[in-house]
Amino acid sequence: ADAATCGCKGGAYLKSGDCAPCGEGMVCPGMGEVIISPTYFATAEEPGFVFQCLGGDPNRCPGGAPGACASGRDNSSLACTR
């Protein structure tokens with residue numbers, strides 16, 4: 001079985017059909033699941049590109065599923081800035 005079928009072990013996520021190590025701001029419990037840490041943001045389309053939410057309101061990036069922003073924030077803006 002390959003990574004695309006079975007997912008990746010803890011500490012890694014599926015990237016372009018292969019398992020890649022999780023980076024800063026990511027939690028990867030395994031089986032393809034990626035959780036973004038609070039005060040970080042990644043889009044649902046590119047969960048491996050993680051940005052730290054700096055500036056006036058770091059709470060705009062609550063963490064959780066890739067693509068998640070705080071209520072009222074635009075998840076199509078980089079790091080929930082809008």
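Quick look at the structure, then. Just so it is clear, the structure is predicted and the values come from calculations on it, not from any experiment. (Residues numbered from 1 in each chain as written. Predicted model: local features only at pLDDT ≥ 70, side-chain atom pairs only at ≥ 80, totals over all residues. Heavy atoms only, no water.)

1. Quick look at the pairing of strand β2 (residues 18-21)
Move 1: Where strand β1 (residues 12-15) lies against β2, 4 bridges are found, and the strand directions are antiparallel. Residue pairing across strands places K15 opposite D18, the latter belonging to β2.
Move 2: Joining the antiparallel neighbours β1 and β2 is a turn of 2 residues, in which S16 adopts a positive phi near 55°. (Pairing = 2+ DSSP bridges. Helix = DSSP H or I, 4+ residues; strand = E, 2+ residues; numbered from the N terminus.)

2. Some remarks on the pairing of strand β4 (residues 33-36)
Working note: regular strand, side chains alternate between the two faces of the sheet.
Move 1: Only one face of β4 is covered, namely the one carrying V34 and I36; the face carrying E33 and I35 has none of its residues buried.
Move 2: In terms of strand pairing, strand β3 (residues 26-30) meets β4 through 3 bridges, oriented antiparallel. Across the sheet, residue M26 finds its bridge partner in β4, namely I36.
Move 3: The hairpin turn running from β3 into β4, its antiparallel successor, is 2 residues long, and M31 in that turn takes a positive phi close to 60°. (Buried < 20%, exposed > 50% of the residue type's maximum accessible area, 1.4 Å probe, protein only.)

3. Overview of unusual backbone geometry
Negative phi values dominate among residues other than glycine, just as trans dominates among peptide bonds.
Move 1: Even without being glycine, M31 reaches a positive phi, approximately 60°.
Move 2: Structurally, M31 can be placed in the loop between β3 and β4.
Move 3: The backbone phi angle of T39 is positive, close to 75°, even though this residue is not glycine.
Move 4: Along the polypeptide, T39 turns up in the loop between β4 and β5 (40-41).

4. Considerations on a nonpolar patch on the surface
Move 1: Among the surface-exposed residues, F49, F51 and L78 lie close enough to one another that they form a single nonpolar patch of about 300 Å² accessible area.
Move 2: One can find L78 in the segment after β6 (51-52). (Patch = residues over 30% accessible without salt bridge, like charges linked within 9 Å, V, L, I, M, F, W, Y side chains within 5 Å. Areas by Shrake-Rupley, 256 points an atom, 1.4 Å probe, with all protein chains shown as cover. Salt bridge = Lys/Arg side-chain N within 4 Å of Asp/Glu carboxyl O.)

5. Topic: the state of the cysteines
Move 1: By the definition in use, this model includes 4 disulfides.
Move 2: Put simply, C8 and C19 are joined by a disulfide, and their sulfur atoms are 2.2 Å apart. Note on the C8 and C19 pair: the S-S dihedral is about -95°, so by sign convention the disulfide is left-handed. Separated by 11 residues along the polypeptide, C8 in the loop between α1 (3-6) and β1 and C19 in strand β2 bring together distant segments of the chain.
Move 3: Residue class for C8 comes out buried when judged on its relative accessible area of 3%. (Disulfide = S-S within 2.5 Å.)

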